[in-house]
Each structure stands twice: as structure tokens, then as C-alpha cells.
2 protein chains.
Amino acid sequence: MQRIIDFILELDKLKGVTRKVKPLGLTRYENSAEHSWQLAMLALSLSAYAPVGTDMDRVVRMLLVHDVGEIDTGDTLAFVEGGWKERKAAELAAVERIFGLLPEPHGSLFLALWREFEQGETPESRYANAVDRAMPVLLNLSNEGQSWRENGVSHARVVARIAPPIQAGCPALWTYLEARLEDARQRGWFGA
Amino acid sequence: MQRIIDFILELDKLKGVTRKVKPLGLTRYENSAEHSWQLAMLALSLSAYAPVGTDMDRVVRMLLVHDVGEIDTGDTLAFVEGGWKERKAAELAAVERIFGLLPEPHGSLFLALWREFEQGETPESRYANAVDRAMPVLLNLSNEGQSWRENGVSHARVVARIAPPIQAGCPALWTYLEARLEDARQRGWFGA
């Protein structure tokens, strides 16, 4: 029992990992814990647009754990170039440490979910990745492009980065976003 | 699709609903969105102590939606007395409004999960309630009783409020907490 409690208190640190987008109407930046909750809710709400047969409960579990490594590494803007491999190695070391706090088999189960999300080879992980890419875009589309403008991110960069994973995991979501992003471009909500 | 997007953006407001306990090491108060994420993680991590046969995925879904009504009503300290019935009616009206933003059957499915959690009549909802009661206590036990002291809450009050639901939903968790709470009492971490 104590090892589980130590684990859940370690997870508390994810509430202090800040991302680049702000919750609507708030002046502070979003943290990775509340982001993970919102992704799980988006995945469930959008399930009619997931590929037939997608195991939505595994999607939810993946989304709950996918950012836990940021406790050690911090969040990295999705549009930063270079250093990807090093960051992923650091995140793997982090989740091995953190999930290793738990008694087995729980630690290994969480680690397997984290790896499945990262590898993106199952319909569940592709759908989960699509949801993860889409959520900050949805916030930016309601926020006049706040994090795109603050970080000098162009329309072309956003499209190049998110179109492939969202098309792969949830095609209807990409169709929706493509039109919204073009509208945002015309409004001047991008940073470059 | 647009109704789902409107719903998920409405949910963004839960990030701005503050609770009475602070995340460890942070000066701000916890919000109900990150709290919901942590509960889902605690439920999964503690599953070895859940009653045999508990459907853990339904537990997770319940915990993800159980606080959504606070978008309209705000959080209420678990130790406030009186007005409970009125607050619950207000929360029900809130979740009917918010889940009603979704196309069917998603709205009804979320509402059914919310009702199941509130009614506490299934093993899943009792376990989910136990986890919900335990998490702020675990934070207070690591925080020298921060929210108990700030709100003048006594040891007896905490025990009276949380022992029955935690014993009902996850007896081993209560055994653990009972000893930790007694230790906290001796350290003077309560407010009255």
C-alpha cells in the first residue's frame, strides 16, 4: 500500500508541469495533469469518429499516463525541431523510474501503455495520438492562436506537424480542423 | 462534430474550479480537472485492493466525469454541513446542461456514470467514492494538514466524514488511512 501512495504523490508533480497553451479565460498556462484529463474526455466524447472496434478504455488509460514522463523532463512544445530522440530517451528513463515505484504488475502495465502510445502502431494509440495533437489546437482556435503567436509558429508548421497523426488516427477530426486552421490563418492567428 | 468540440471547450472551465487543498510544493490551490486525472490514476494503481470483479474502466470513467457539475456550482468542501440536498440538485442541473451539449448517446452515457457515482450503490461507484475521499486526505497527510488547518477541520470530523465511504468502497485503504490520521492528530495537523 505504501508504495502505491508514494507513486500517487509522485504523480502530483505533473500538476506543476506547465504547457504552452492557456486554459480558456485563464491567465496561467495549462498543466499536463489537467490536460491528460481533458484528453481522456475528448477521446470518449469523440468515440463515434474512432475506427470501428477501437478499445476506448485502453485509449483512456494511455492518455492518462502518456505525459507522466514530463515529471522529470518537462513539457516540450510540439513544434520544436531537433533533439527529439534524446527527449524521448529521457522520457523513457523517467517513466521507468516513476512507474517503477509501483508494485508489479501495475508498473509494467502502465509502462506498456506508455510505450504503446509512443509507438503509435495500434488503432488505439493512433486515435489517442490524434486526440493529443488536436486538443491544444482546439484551445488555440478559441484563443486567437495564443500559443502559436507567443512561440512564432506558422500555419504551415502546425499543419505539417499535426495533419499526419490526426489523419492516421481520426480522419474526420482532421477534416474538421483543416477548415478551422485555414480560417485561423486568414484571421492572422499564427506567429510566423 | 461541432457539438463535441463545444462540449470539450465547455469542460475547459473545470480547470478554473479550485478546491481547498494545494498540490504538493505549489502555492496555488488544486483544480477539479487535475484532481479528476489523479483520481483515475489512483483508482487504477490501487486496483489490487478493489473488490474482486470491479470493472475498473467504469470506475475510471466515473471519476473522469464526477466533478463536471462544479463548472456551474463550484467545489464545496466535503466538511461543510447543511445545504447538501440543494447543492446536489444544483449539480444535477449542471451536468444535465453540460452533458446535454453532446449528441446522443454520449450525453446520456456520461449522465448515467455521474448518477452511478452519486448514488453509490454499485461496487464500482463505492470504490470510486472511496478513492475520491482518500486523495485529498493523502495530500493533507503530505502537507501537514494544510486544508484542515486552513478550514478549521478536526480529526473527528475527517474520520466521521470519510471512514464510512472508504470502508464501504476499499476497506484496506481505510485501514491504512486510519493509522496515518491518528499520527497526524498527534502531530497537531488538524484545525480544531
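Residues numbered from 1 in each chain as written. Chains lettered and ligands numbered in written order. Predicted model: local features only at pLDDT ≥ 70, side-chain atom pairs only at ≥ 80, totals over all residues. Heavy atoms only, no water.

Peer 1: A description of the overall build of chain A should follow, citing residues and the corresponding values.
Peer 2: Within chain A, the secondary structure is distributed over 10 helices and 0 strands. Written out in order from the N terminus, the α and β elements of chain A read α-α-α-α-α-α-α-α-α-α. The C-alpha atoms of chain A give 17 Å as radius of gyration, which agrees with the globular expectation for 192 residues (16 Å, within 12%). Structurally, chain A occupies a C-alpha span of about 55 × 35 × 30 Å along its principal axes. A total of 192 residues make up chain A; the buried ones form 55% of that total. Put simply, of all contacts in chain A between residues at least 6 apart along the chain, 68% involve residues at least 24 apart. Just so you have it, chain A exposes about 7,600 Å², and 52% of that area is on carbon and sulfur atoms. (Helix = DSSP H or I, 4+ residues; strand = E, 2+ residues; numbered from the N terminus. Rg over C-alpha atoms; globule rule 2.2 N^0.38 Å. Buried < 20%, exposed > 50% of the residue type's maximum accessible area, 1.4 Å probe, protein only. Contact = heavy atoms within 4.5 Å. Areas by Shrake-Rupley, 256 points an atom, 1.4 Å probe, with all protein chains shown as cover.)

Peer 1: Explain the relation of the copies chain A and chain B to me, and be specific about the residues and the numbers.
Peer 2: The two copies are related by a screw operation: chain A maps onto chain B through 180 degrees of rotation and 0.0 Å of translation along the axis, at an RMSD of 0.0 Å. The two molecules are tied by a two-fold rotation axis, judged by turn and shift. Rotation axis and chain A: the residue whose C-alpha lies nearest the axis is A:E34, separated from it by 2.0 Å. Here 100% of the interface residues in chain A have copies in chain B that are interface residues too; the copies meet face to matching face. (Least-squares fit on C-alpha atoms with pLDDT ≥ 70 in both.)

Peer 1: Give me the interface of chain A and chain B: which residues, what numbers.
Peer 2: Contact with chain A, which involves 50 residues of that partner, is made by 50 residues of chain B. Between the two partners, chain A and chain B, sit 4 salt bridges. In this structure, B:K15 engages A:E30 in a salt bridge whose closest nitrogen and oxygen atoms are separated by 2.8 Å. Among the secondary structure elements, those contributing two or more residues to the side of chain A that touches chain B are α1 (2-11), α2 (32-45), α3 (56-65), α6 (106-119), α7 (123-141) and α10 (171-187) of chain A. The element contributing the most residues to the side of chain A that touches chain B is α2(A), with 10 residues. (Salt bridge = Lys/Arg side-chain N within 4 Å of Asp/Glu carboxyl O.)

Peer 1: Could you give me a rundown of the pattern of salt bridges, with the residues and numbers involved?
Peer 2: Residues and elements named next belong to chain A. Evaluated as defined, the whole model comprises 34 salt bridges over all chains. The salt bridge partner of E10 is R97, with a shortest N-O separation of 2.7 Å. A residue pair is termed long-range when its members are at least 10 positions apart, and E10 in helix α1 and R97 in helix α5 (residues 84-99) qualify at 87 residues. Of the residues examined, R97 reaches a relative accessible area of 36% and is grouped as partly exposed. Overlapping salt bridges bring together E10, K13, D72 and R97 as one network.

Peer 1: A description of unusual backbone geometry should follow, citing residues and the corresponding values.
Peer 2: Residue and element names in this part refer to chain A. Of note, the amide linkage connecting E104 to P105 takes the cis form, showing an omega dihedral of 10 degrees. Of note, P105 is situated in the loop between α5 and α6. We note that E144 has phi near 55 degrees; this positive angle belongs to a residue other than glycine.

Peer 1: With reference to specific residues and values, describe the packing of aromatic side chains.
Peer 2: All names here are of chain A. Summed over the entire model, instances satisfying the criterion amount to 8 aromatic pairs over all chains. Between W148 and F190, the aromatic rings sit 4.4 Å apart at their centres with planes inclined by 15 degrees, giving stacked as the arrangement. Placement of W148 in helix α8 (residues 146-150) and of F190 in the segment after α10 is noted, with a sequence separation of 42 residues between them. Note on accessibility: W148 and F190 belong to one class, buried. (Phe/Tyr/Trp six-rings, centres within 6.5 Å; stacked < 30°, edge-to-face > 60°.)

Peer 1: Which residues make up the confidence of the model for chain A, and what values go with them?
Peer 2: A residue-level look at chain A finds 97% of positions with pLDDT of 70 or above and a mean pLDDT of 95. In the predicted complex, the global pTM is 0.96; the interface-specific ipTM is 0.95. (pLDDT = per-residue confidence, 0-100.)

Peer 1: Break down the nonpolar core for me, with residues and values.
Peer 2: One finds A:L64, A:L177, B:L64 and B:L177 to be the most contacted residues of the largest nonpolar core, which totals 125 residues. The residues contacting A:L64, other than those within four sequence positions of it, are A:S36, A:A40, B:W37, B:A40, B:M41, B:L44, B:V60 and B:L64. (Core = buried A, V, L, I, M, F, W, Y, C linked by side-chain atoms within 4.5 Å.)

Peer 1: Could you give an account of the packing of helix α7 (residues 123-141) of chain B against helix α9 (residues 155-169) of chain B, with specific residues and numbers?
Peer 2: Residues and elements named next belong to chain B. Running from N to C, α7 and α9 point in directions that differ by 135 degrees, and their axes come no closer than 7 Å. In terms of orientation, α7 lies oblique with respect to α9. The hand of the α7/α9 crossing is left-handed. In contact with R126, Y127, A130, R133, A134 and V137 of α7, α9 contributes R161, I162, P165, I166, A168 and G169. A breakdown of the residues in the contact of α7 with α9 according to their chemical character gives 8 nonpolar, 1 polar and 3 charged. (Axes fitted to C-alpha atoms, helices over the stretch in contact; angles between N-to-C directions. Parallel < 35°, antiparallel > 145°, perpendicular 65-115°, else oblique. Left-handed = near helix turned anticlockwise from the far one by under 90°. Nonpolar A, V, L, I, M, F, W, Y, C, P; charged D, E, K, R; others polar.)

Peer 1: Any details on α2(A)? Residues and values, ideally.
Peer 2: Under the 1.5 Å per step criterion, the end-to-end length of α2(A) is 20 Å for 14 residues, consistent within 8% with the ideal 20 Å. Capping the start of α2(A), A:N31 holds a side-chain oxygen 2.9 Å from the backbone nitrogen of A:A33, two or three residues further along. (Expected span 1.5 Å × (residues − 1). Polar contact = N/O pair within 3.5 Å; in protein donor to acceptor, adjacent residues only side chain to side chain.)

Peer 1: Go over the packing of helix α3 (residues 56-65) of chain B against α7(B) with me, naming the residues and quoting the values.
Peer 2: Residue and element names in this part refer to chain B. Following both chains from N to C, one finds α3 and α7 inclined at 50 degrees, their axes separated by 9 Å at the closest point. Judged by the angle between their axes, α3 and α7 are oblique. At the point where α3 passes α7, the crossing takes the right-handed sense. Residues M56, R58, V59, M62 and L63 of α3 lie in contact with α7, whose contacting residues are E124, S125, Y127, A128 and V131. For the contact of α3 with α7, a count of residues per class yields 7 nonpolar, 1 polar and 2 charged.

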